Amino acid sequence: MSATQVDSALGGYIAHRLAFINCHSIFSVPGDFNLTLLDHLISHPSLSLIGCCNELNAGYAADGYARAKGVGACVVTFTVGGLSVINAIAGAYSENLPVICIVGGPNSNDYGTNRIIHHTIGETDFGQELRCFQNVTCYQAVINSLDDAHEQIDTAISTALKESKPVYISISCNLPALPHPTFAREPVPFFLAPSVSNQRSLETAVEETLEVLHKAVKPVLVGGPKLRVAKAQKAFVELADACGYPVAIMPSAKGQVPEQHPNFIGTYWGAVSTSFVSEIVESADVYVFIGPIFNDYSSVGYSLLVKTEKAIIVKPNRVNIGHGPSFGCVLMADYLTLLANRIKKNTTAMENYRRIYIPPGRPLKCGQGEALKVNVLFKHIQDMLTKDNAVIAETGDSWFNCQKLRLPEGCGYEFQMQYGSIGWAVGATLGYAQGAKDKRVIACIGDGSFQVTAQDVSTMIRNGQNTIIFLINNGGYTIEVEIHDGPYNVIKNWNYTGLVEAFHNGEGNCWTAKVKTEEDLVAAIATATGEKKDSLCFIEVIVHKDDTSKELLEWGSRVSAANSRPPNPQL
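Anyway, here's the lowdown on the structure attached to this text. Because the structure is predicted, anything quoted here is derived from the model rather than measured.

**A word on the overall build of the chain**
Next, step 1: Broken down by element type, the chain carries 22 helices and 19 strands.
Next, step 2: Taking 2.2 N^0.38 as the reference for a compact globule, 571 residues should give roughly 25 Å; the C-alpha atoms of the chain span a radius of gyration of 25 Å, in line with that estimate.
Next, step 3: Dimensions of the chain along its principal axes, counting C-alpha atoms only, are 70 × 65 × 60 Å.
Next, step 4: When burial is assessed residue by residue, the chain has 56% of its 571 residues classed as buried.
Next, step 5: Long-range contacts, defined as pairs at least 24 residues apart, comprise 76% of the intrachain contacts of the chain with a sequence gap of at least 6.
Next, step 6: When the accessible surface of the chain is split by element, carbon and sulfur atoms take 52% of a total near 23400 Å².
Next, step 7: Positive and negative side-chain charges in the chain, numbering 45 and 55 respectively, have mean positions lying 7 Å apart.

As C-alpha cells, this is what we get:
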C-alpha cells in the first residue's frame with residue numbers, strides 16, 4: 001500500500017514506516033501535543049493504537065512488544081509524558097531492545113522565542129527532555145521542520161534496528177497533518193547494510209580458540225543474554241551440537257537456548273545455580289561464555305568462582321581469550337558457526353555431570369486445607385506449560401522460581417534482570433501478549449510489584465487478551481526483605497481480585513479467583529485453562545510472608561554483603 005493512498009502527511013509517513021517494520025501495535029497515552037499524530041496512526045489500516053493508563057506502562061508495553069516482535073513503539077506527550085516514560089526506555093536500553101519512543105512536542109513556531117509553555121519546567125529552554133533521553137537512547141531526532149523530517153525519521157528507526165537500542169523522536173504538534181513532497185510517494189524500503197566479520201580476524205579468533213579448547217580436558221559452554229542482540233541463538237545450538245560440552249545458561253539468557261538439548265544442564269548462577277551446574281562449570285578447565293553480562297546480580301554479589309585466565313568471552317562483535325588475545329570485528333554468529341564446523345567433540349565434562357546428577361525431587365503435596373506453599377504453586381505452573389505459552393517473570397522471588405521451570409520447546413520466557421525495575425511485568429505482559437497472539441502468556445507477579453503498575457490490567461481486558469496472571473500475595477517486597485529488612489518492605493494489603501473486578505466492570509472477558517490451598521489452586525487452574533480459556537484470568541495466590549525460594553535466601557545475603565562493603569581506604 002502506497003503512502004499516497006493512505007496518507008501523504010507527516011503523521012501518515014510515520015505510520016507507514018512503523019507498519020513497514022512490522023510494529024503494528026503502538027502503545028500510547030494522549031496529550032495535547034500528540035493528538036494530531038495519534039489521529040494519523042489510528043487511520044492507518046494495519047496499525048492498532050493501544051491506549052495505556054500511564055506513560056510508564058506504555059513504555060513497558062513497548063518493551064514487551066519488542067521482545068515478541070523485534071521492535072516496539074510508544075507515543076506520549078512532551079516532558080510530562082516523556083519524563084514519565086523514560087524509566088521504561090532506560091530499561092529497554094539496558095536490555096538491548098529497539099523501542100521507538102515518539103513524543104509530541106511544542107509548536108514549531110515556539111522554538112527559540114523565549115516563550116514559556118505548559119508541560120515544561122517553566123524555562124524557555126525546551127531541551128531538558130532531549131538531554132535526559134540522550135543517556136538512554138542511541139539516537140535522538142527533534143523534528144520541527146518538514147524539510148528533513150523523512151530523513152530524521154528514517155535515520156532514527158534504522159538506527160534503532162541496527163543498534164538494537166531505543167531511539168527518541170520529538171515531533172512538533174503542528175506538523176503531523178501537513179503534507180510534503182517527500183511524503184507523497186512510496187518511501188524507499190529500509191535496507192540495513194549487513195554487518196560482516198573481518199575474515200582474517202574471524203579465522204584467527206577461531207584458530208586461537210581451538211588451540212585452547214583442544215588442549216582442555218573438561219570444557220563447558222555457557223549461554224548469555226547477548227545471544228538475542230547478536231541474533232546468534234541458532235549458531236549457539238550448532239556449536240552445542242558439535243562440541244559435546246555441557247550447556248548451561250546464565251539466568252538472563254533463559255528462553256534463548258532450547259532446554260530440550262541433550263547436553264543442557266540448567267542455569268549457572270553461582271551459589272544459586274541449578275543443582276550440580278556450578279560444580280561442573282566452576283571445575284572446568286575452560287569455560288566458553290557466549291554473550292555474558294557479569295553484574296552484581298548475575299554474579300551473586302561478585303561471588304562467582306570463575307577465573308578470567310580460563311574463560312573465553314564471546315561478545316556480539318569481539319572474542320576475548322583469557323588474559324591473552326582479543327579479536328575485534330568478529331560477529332558472534334559467524335564465530336560460533338565456524339567454530340562448530342571445526343571443533344572436536346569432547347564429552348568428558350558431560351560424562352562427569354551424568355555421573356553426579358541426581359534428578360530433582362518434587363514438592364510434597366499439601367495436606368487437606370493446608371496453606372499453599374510457593375514451591376507447590378510452581379510445581380503446578382510447570383505442569384501447565386506447553387509450546388503455546390510464554391512466561392513473564394516479575395522482579396523478585398519470581399526470578400528464582402521461574403528460573404527453575406523447565407521450558408517446553410517453543411515456550412517463550414522473558415524477564416528484566418539487568419534493569420530490574422519492579423512493576424515492569426504488568427506493562428511488559430500487555431505488550432508481549434499483544435505481539436505474540438499465538439501464545440497464552442502466564443505472568444508471575446508479586447504483590448509489591450503489582451501495586452506499582454496495576455492499572456493496565458484494565459488495558460489487557462479492553463484488548464481481549466487471555467493472559468493468566470498469578471498474583472503472589474505475601475504482604476511485601478520479599479526480595480528486598482532478603483537483602484535488607486525493614487518496616488518499609490511491608491505494604492498495605494489490597495483486595496486484588498476485587499480491584500481487577502473493578503477494572504473489568506462488566507466489559508470484556510475477565511475471571512478472578514483467590515486461592516489459599518492446593519485444592520483451590522488446582523480448581524482455579526482447571527477453570528483458567530478450560531471454561532475460561534478465552535478470558536483474562538487473574539489468580540491471587542495467598543502465601544506466608546516468609547515463604548521464599550531457597551535461592552533467594554542465599555542470593556539476598558550475598559547481594560547484601562556486596563552492597564554493604566565499606567569504602568576503600570583513601571590514601
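And the narrative resumes.
**Some words on the sheet that holds strand β17 (residues 468-473)**
Next, step 1: Strands sit in the order β15-β14-β16-β17-β19-β18 across an open sheet of six strands; the sheet is parallel. Two strands bound the open sheet, and with one partner strand each, they are β15 (412-415) and β18 (510-515). Within the sheet, the average angular offset between the axes of one strand and its neighbour, ignoring direction, is 15°.
Next, step 2: Relative to strand β16 (residues 440-446), strand β14 (residues 389-393) is paired through five bridges, and the arrangement is parallel. In the sheet register, A390 faces β16, and the bridge partner there is V441.

**Topic: the pairing of strand β12 (residues 318-321)**
Next, step 1: With four bridges joining them, strand β11 (residues 311-315) and β12 adopt antiparallel strand pairing. The partner of I312 across the bridge, within β12, is I321.
Next, step 2: Between β11 and β12, which follow one another and run antiparallel, lie two residues.
Next, step 3: The sheet contact formed by β12 and strand β13 (residues 326-328) spans three bridges and is antiparallel. If you follow R318 over to β13, its bridge partner there is G328.

**Section: empty space enclosed by the protein**
A water-sized probe, rolled over the atoms, reveals where empty space remains.
Next, step 1: Taken as a whole, this structure holds two cavities of 30 Å³ or more when the rule is applied.
Next, step 2: Roughly 240 Å³ of volume is contained in the largest cavity.
Next, step 3: No other element matches the three residues that β15 contributes to the lining of the largest cavity.
Next, step 4: Its residues assigned to classes, the lining of the largest cavity comprises six nonpolar, seven polar and six charged.
Next, step 5: A volume near 180 Å³ is recorded for the second largest cavity.
Next, step 6: Around the second largest cavity, the lining is made up of 19 residues, and of these G396, D397, G446, N474 and T478 lie nearest the centre.
Next, step 7: Elements that contribute at least two residues to the lining of the second largest cavity include exactly α15 (397-403), α17 (447-453) and α19 (478-483).
Next, step 8: Residue classes in the lining of the second largest cavity are distributed as five nonpolar, ten polar and four charged.

**Focus on the packing of helix α2 (residues 10-20) against helix α3 (residues 35-43)**
Between two packed helices, the angle of one axis relative to the other and the distance separating the axes together describe the packing.
Next, step 1: The interhelical angle for the contact between α2 and α3, taken along N-to-C directions, is 50°, at an axis separation of 8 Å. With respect to α3, the element α2 is oriented oblique. Between α2 and α3 lies a crossing whose hand is right-handed. Residues G11, G12, I14, A15 and L18 of α2 form the contact with α3, whose participating residues are L37, H40 and L41.
Next, step 2: Of the residues assigned to the contact of α2 with α3, the class counts are five nonpolar, three polar and no charged.

The rules behind these values
- Residues numbered from 1 in each chain as written.
- Predicted model: local features only at pLDDT ≥ 70, side-chain atom pairs only at ≥ 80, totals over all residues.
- Heavy atoms only, no water.
- Helix = DSSP H or I, 4+ residues; strand = E, 2+ residues; numbered from the N terminus.
- Rg over C-alpha atoms; globule rule 2.2 N^0.38 Å.
- Buried < 20%, exposed > 50% of the residue type's maximum accessible area, 1.4 Å probe, protein only.
- Contact = heavy atoms within 4.5 Å.
- Areas by Shrake-Rupley, 256 points an atom, 1.4 Å probe, with all protein chains shown as cover.
- Lys, Arg positive; Asp, Glu negative; His and termini not counted.
- Charge placed at Lys NZ, Arg CZ, Asp CG, Glu CD.
- Pairing = 2+ DSSP bridges.
- Axes fitted to C-alpha atoms, helices over the stretch in contact; angles between N-to-C directions.
- 1 Å grid on protein atoms, 1.4 Å probe; cavity = no way out; pocket = protein on both sides within 12 Å on 5 of 7 lines; lining within 4 Å.
- Points joined across faces, edges and corners; volume = space filled by probe spheres on them.
- Nonpolar A, V, L, I, M, F, W, Y, C, P; charged D, E, K, R; others polar.
- Parallel < 35°, antiparallel > 145°, perpendicular 65-115°, else oblique.
- Left-handed = near helix turned anticlockwise from the far one by under 90°.

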